[in-house]
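# A look at the structure
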Amino acid sequence: MTAPTGPIAPTASTAPTAPSAPAAGAGRPLARLRVLGGGPLRQACAALLILFVLVALLAPWLTPHDPTFGRLGDTLLGSGPDHWLGTDQGGRDTLSALIAGTRTSLAGPLAVVVFSTVLGIAVGLFTAWRGGWVDAVTGRVLDIVFAFPALLLAILAVALFGKGMTAPVIAMAIAYMPYTARLVRGLAVQEKARPYIAAYRVQGHSALFVTVRRLLPNIAPTLLAQSTVNFGYALLDLAALSFLGLGVQPPTPDWGAMINQAQAAVLQGQPLSAIAPAVAVVLVVVAFNVVGESLGDRLAGRDS
């Protein structure tokens, strides 16, 4: 199982030009986002994401069996009335593990995206307002961080602090931060040149007030589009880490760990325990990318 080294840098598709907004309209930029609009593919992907979120929230009540408990007599069973997707080599129900694994598989990428976005917004806005040597030095530091793939930093964090999710999530958040920081910096520089920013400064408002209350809400929709795309890449990286045995540890259900543990089952002619989590990873990543690209297209005015 392979995973990209990190989210793609903002492009015309994922990082459209920041929407221009006068001071009077600065408070309602999110009204332009209509995720469920567009063609049937976008609607299907949005509905699929909602379904996965609901499954993650209701997982304890949806699992037909205990996902961490297995019976030796039920090892590598095929699909049947009691085990719809069969069982793994430990006798655990594959469907229950798949449902329970939705929580850990989505919570990790969510933490990465939230932390990296918060850090990126802070760094990007600070450098955009200060400019000069602060902007230049910060840009060089971000270039250095760009040189390290997110998955490599996560592996180094595991080597230093041990297996689990906390250290890899923090390391990957740092690795993903430059993508958001550069996007925010570019958007903030564009917004600073607009008349409504100058009008607020002339009225005596502080830079912090103008940034947090007026500028940031105007670039928030674009950040949301980019963060949606980043979520899919973070999910792939964390799933790859679990597949390597460095992320979520058994018996905690996780899609990447399930694929790793199912290798013996595939060799014995029971591939469902590997196919099910692999399909779930692909569906979520594709859905997040389609929704993210759709948001970017709408904000750039390329979609009616």
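Quick summary incoming for the structure in this document. (Residues numbered from 1 in each chain as written. Predicted model: local features only at pLDDT ≥ 70, side-chain atom pairs only at ≥ 80, totals over all residues. Heavy atoms only, no water.)

### Brief notes about the nonpolar core
Let me state the cut-off plainly: We call a set of buried Ala, Val, Leu, Ile, Met, Phe, Trp, Tyr and Cys residues a nonpolar core when their side-chain atoms join them within 4.5 Å. Under the scheme applied here, a residue whose accessible area is under 20% of the maximum for its type counts as buried, over 50% as exposed, and between as partly exposed, the area being computed with a 1.4 Å probe on protein chains only. Secondary structure follows DSSP: runs of H or I at least 4 residues long count as helices, runs of E at least 2 residues long count as strands, and numbering of each begins at the N terminus. The criterion used for residue contact is that any of the two residues' heavy atoms lie within 4.5 Å.
Counting residues in hydrophobic clusters, the biggest one holds 25 residues, and the most contacted among them are Leu106, Leu235, Trp255 and Val284. Of all the secondary structure elements, the ones that give two or more residues to this core are helix 1 (40–57), helix 3 (94–130), helix 8 (207–243), helix 9 (255–261) and helix 11 (272–299). Among the elements that line this core, the one with the most residues is helix 11, at 10 residues. If we skip the residues at most four places from it in the chain, Leu235 touches Ser105, Leu106, Pro109, Val281, Val284 and Val285. Within the second largest apolar cluster, 20 residues are counted, among which are Leu153, Ala154, Ala167 and Met172.

### Re the packing of helix 1 against helix 3
Filter applied, for reference: Geometry is summarised by axes, namely lines fitted to C-alpha atoms with helices restricted to the contacting stretch, and by angles between N-to-C directions that run from 0 to 180 degrees. In these notes the angle categories are as follows: under 35 degrees is roughly parallel, over 145 is roughly antiparallel, 65 to 115 is roughly perpendicular, and the rest is oblique. When residues are sorted by character, Ala, Val, Leu, Ile, Met, Phe, Trp, Tyr, Cys and Pro go into the nonpolar class, Asp, Glu, Lys and Arg into the charged class, and all the rest, Gly among them, into the polar class.
Where helix 1 contacts helix 3, the axes come no closer than 8 Å and their chain directions differ by 105 degrees. Classified by the interaxial angle, the pair formed by helix 1 and helix 3 is roughly perpendicular. In this structure, helix 1 contributes Phe52, Val55, Ala56 and Leu57 to the contact, and helix 3 contributes Ile99, Thr102, Arg103 and Leu106. A class-by-class count of the residues in the contact of helix 1 with helix 3 yields 6 nonpolar, 1 polar and 1 charged.

### Some words on the layout of surface pockets
Basically, it comes down to this: Grid points spaced at 1 Å over the protein atoms alone were grouped into cavities, where a 1.4 Å probe fits but cannot get out, and pockets, open sets with protein on both sides within 12 Å along at least five of seven lines, with lining residues defined by an atom within 4 Å of a point. Grid points are joined across faces, edges and corners, and a volume is the space filled by probe spheres set on the points.
Taken as a whole, the largest pocket spans an internal volume of roughly 500 Å³. Ranked by residue count, the leading element in the lining of the largest pocket is helix 3, at 8 residues. For the lining of the largest pocket, the class distribution of residues is 18 nonpolar, 4 polar and 1 charged. Along the wall of the second largest pocket there are 13 residues; nearest its centre are Phe52, Leu98, Thr102, Trp255 and Ala280. For the lining of the second largest pocket, the secondary structure elements donating two or more residues are helix 1, helix 3 and helix 11. When the residues that make up the lining of the second largest pocket are grouped by side-chain class, the tally is 12 nonpolar, 1 polar and no charged.

### Looking at the pattern of salt bridges
Stated precisely, the cut-off is as follows: Throughout this description, the term salt bridge denotes a Lys or Arg side-chain nitrogen within 4 Å of a carboxyl oxygen of Asp or Glu.
One pass over the structure, following the stated rule, counts 4 salt bridges. One salt bridge in this structure joins Asp143 and Arg182, with 1.9 Å as the shortest N-O distance. Taken together, the residues span a long stretch of sequence, with Asp143 in helix 4 (residues 132–146) and Arg182 in helix 6 (residues 166–192) at a distance of 39 residues. Residue classification places Asp143 among the partly exposed residues on the basis of a relative accessible area of 29%. With a relative accessible area of 40%, Arg182 lands in the partly exposed category. Here Arg194 ties to Glu191 by a salt bridge, and the two come within 3.0 Å at their closest N and O atoms. A relative accessible area of 0% places Glu191 in the buried class. Through salt bridges with shared partners, one network takes in Arg140, Asp143 and Arg182.

### A look at the environment of Ala225
For Ala225, the location among the structural elements is in helix 8. Judged by its relative accessible area of 1%, Ala225 is buried. Expressed as a C-alpha distance, the spacing of Ala225 and Ser294, which sit 69 residues apart in the sequence, is 8.0 Å.

### Some remarks on empty space enclosed by the protein
Enumeration according to the criterion identifies 3 cavities of 30 Å³ or more in this entry. Within this model, the largest cavity holds a volume of roughly 90 Å³. With 3 residues, helix 9 is the single largest residue contributor to the lining of the largest cavity. Looking at the lining of the largest cavity, its residues break down into 7 nonpolar, 2 polar and 3 charged. By volume, the second largest cavity is sized at about 70 Å³. Along its surface, the second largest cavity is lined by Thr104, Ser105, Pro109, Met165, Leu235, Leu238, Ala239, Ser242, Asp254, Trp255, Gly256 and Val281.

### Some thoughts on helix 1
What counts here: What a helix is expected to span follows from its residue count: subtract one and scale by 1.5 Å.
An ideal rise of 1.5 Å per residue puts 26 Å on 18 residues; helix 1 measures up with 26 Å between its terminal C-alpha atoms. All buried positions along helix 1 are accounted for by Cys45, Ala46, Leu49, Phe52, Val55 and Ala56.

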